[in-house]
Amino acid sequence: MEKARPASLAPSETVRVTNPGGTSPFVLTCDHASNFLPSEFGTLGLPVEHLSRHIAWDPGALPVASRMATALDATLVETCISRLVIDCNRPLDAPDLVPPVSETTAIPGNSGLSDKQRAARIDLAWRPFHDTIAEIIDRRLARGQETRLVSVHSFTPVYRGKSRPWHIGIIHDDDRRLAAPLISALQRLAGVTVGVNEPYSPADRVYFTLERHARSRGLACAMIEIRNDEISGEIGQRKWADLLTGIFSNLEPEEARGSRQRAMGKSVQSAS
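Calculation notes
- Residues numbered from 1 in each chain as written.
- Predicted model: local features only at pLDDT ≥ 70, side-chain atom pairs only at ≥ 80, totals over all residues.
- Heavy atoms only, no water.
- Axes fitted to C-alpha atoms, helices over the stretch in contact; angles between N-to-C directions.
- Helix = DSSP H or I, 4+ residues; strand = E, 2+ residues; numbered from the N terminus.
- Parallel < 35°, antiparallel > 145°, perpendicular 65-115°, else oblique.
- Left-handed = near helix turned anticlockwise from the far one by under 90°.
- Contact = heavy atoms within 4.5 Å.
- Nonpolar A, V, L, I, M, F, W, Y, C, P; charged D, E, K, R; others polar.
- Buried < 20%, exposed > 50% of the residue type's maximum accessible area, 1.4 Å probe, protein only.
- Pairing = 2+ DSSP bridges.
- Core = buried A, V, L, I, M, F, W, Y, C linked by side-chain atoms within 4.5 Å.
- Salt bridge = Lys/Arg side-chain N within 4 Å of Asp/Glu carboxyl O.
- Right-handed = clockwise from strand over helix to strand, strands pointing away.

- Under an unreviewed UniProt entry, the name given to the protein is N-formylglutamate amidohydrolase, and the organism recorded is Mesorhizobium tamadayense.

As structure tokens, then:
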């Protein structure tokens, strides 16, 4: 389970930034880092043991992202509240922004919400998370610091009865500047099965954070999905963090090898 936090969180406490002055070109996000439910939500009507399941967070993703951030001297932005309250990697009009069902599990506490209750959740966690990412990126770009955005997630080995063979998946849209060399490097690793837009793709509406903050600014980006049985303990978390750190230490977006102009990106005003 997620480490203990205060019974309730203010909006300023629902997002955490590690190493805001990082010198790496990479900014990491962990959109589903926590399974914490503030006291006012109870367990959302779920048995407490469900809160350790993947429906509540991405198990193992945060330790991997944290170790990568330390090794790379990268900035890390993480959510501090369960995606059962609100999914920060979804647009505001997504039907699963506040999920009534996660995988096959109904979430009783998410049914029949009023517009006021929905807005309160947006203000509690979604808006602070995205405002924070926008501020960090815009500050970096204003001072001419090269910036590439990478989100770190985990996925279940079996989903709705279907096995998922990939150890790691790289999700991307038609901008493959960062994804292509990352996929190539991973495919050279012995014994590693790499999913390309597997187990998800942007068509599954899982690419929102990168669309909002990287694609809108012309920044190279990619989404990492690690199968969560690979990172369920410290040994696996260290293994994958170190593998990815080694790759990212020498990773250059494809077009950046010839010119860094596009990789520097452009600052845009954050959408409301």
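### Side note on the packing of helix α1 (residues 61-72) against helix α5 (residues 234-248)
For step 1, the next point in the chain: Closest axis-to-axis distance for the α1/α5 pair is 9 Å, and the angle between their directions is 40°. The orientation of α1 with respect to α5, classified from their angle, is oblique. Seen along the crossing, α1 lies across α5 with a hand that is right-handed. Counting all contacts with α1, which are made through Pro63, Val64, Arg67, Met68, Ala71 and Leu72, the residues of α5 involved are Gln237, Arg238, Ala241, Asp242, Leu244, Thr245 and Phe248.
For step 2, the next point in the chain: Along the lines of polarity and charge, the residues of the contact of α1 with α5 split into eight nonpolar, two polar and three charged.

### A look at the pairing of strand β11 (residues 221-227)
For a regular strand, side-chain orientation follows a simple rule: the groups alternate between the two sheet faces.
For step 1, the next point in the chain: Burial within β11 is extensive, with seven of its seven residues counted as buried.
For step 2, the next point in the chain: The alternating pattern of β11 places Cys221, Met223, Glu225 and Arg227 and Ala222, Ile224 and Ile226 on opposite faces, both of which are buried.
For step 3, the next point in the chain: Two elements, strand β9 (residues 168-171) and β11, share four bridges in a ladder whose sense is antiparallel. Note on β11: the bridge partner recorded for Ile171 is Met223.

### Overview of the environment of Ala185
For step 1, the next point in the chain: Position of Ala185 relative to the elements: it lies in helix α3 (residues 179-187).
For step 2, the next point in the chain: For Ala185, a relative accessible area of 12% translates into the label buried.
For step 3, the next point in the chain: In this structure, the C-alpha to C-alpha distance between Ala185 and Phe248, residues 63 residues apart in sequence, is 9.5 Å.

### Overview of the packing of α3 against α5
Helix-helix packing: each pair is described by the crossing angle between the helix axes and the interaxial distance.
For step 1, the next point in the chain: For the pair α3 and α5, the least separation of the axes is 10 Å and the interaxial angle reads 125°. Considering their axes alone, α3 and α5 lie oblique with respect to each other. At the point where α3 passes α5, the crossing takes the right-handed sense. Two secondary-structure elements touch here, α3 through Leu182, Ala185 and Leu186 and α5 through Trp240, Leu244, Ile247 and Phe248.
For step 2, the next point in the chain: Counted by class, the contact of α3 with α5 contains seven nonpolar, no polar and no charged residues.

### Some points on the nonpolar core
For step 1, the next point in the chain: By size, the foremost hydrophobic cluster in this structure holds 42 residues, and its most contacted members are Leu84, Ile86, Leu97, Trp126 and Leu149.
For step 2, the next point in the chain: At the level of elements, α2 (115-142), β6 (148-155), α4 (208-213) and β11 are the ones that each hand at least two residues to this core.
For step 3, the next point in the chain: Counting residues per element, this core draws most heavily on α2, which supplies nine residues.
For step 4, the next point in the chain: Contact partners of Leu149, with chain neighbours within four places excluded, come to Val27, Thr29, Ile137, Leu178, Thr209, Leu210, His213, Ala214, Ala220, Cys221 and Ala222.

### Describing the pattern of salt bridges
For step 1, the next point in the chain: By the definition in use, this model includes 19 salt bridges.
For step 2, the next point in the chain: Where Glu252 meets Arg148, a salt bridge forms, and the shortest distance between an N and an O atom there is 3.1 Å. Taken together, the residues Glu252 in the loop between α5 and α6 (261-264) and Arg148 in strand β6 connect sequence positions 104 residues apart.
For step 3, the next point in the chain: With a relative accessible area of 25%, Glu252 lands in the partly exposed category.
For step 4, the next point in the chain: Using a relative accessible area of 1% as the deciding quantity, one classes Arg148 as buried.

### Points about the pairing of β9
For step 1, the next point in the chain: On β9, burial covers both faces: Ile168 and Ile170 on one face and Gly169 and Ile171 on the other are all buried.
For step 2, the next point in the chain: Pairing of β9 with strand β10 (residues 194-196), which is carried by three bridges, proceeds in the parallel orientation. Residue pairing across strands places Ile168 opposite Val194, the latter belonging to β10.
For step 3, the next point in the chain: The parallel pair β9 and β10 is bridged by α3, and the resulting crossover is right-handed.

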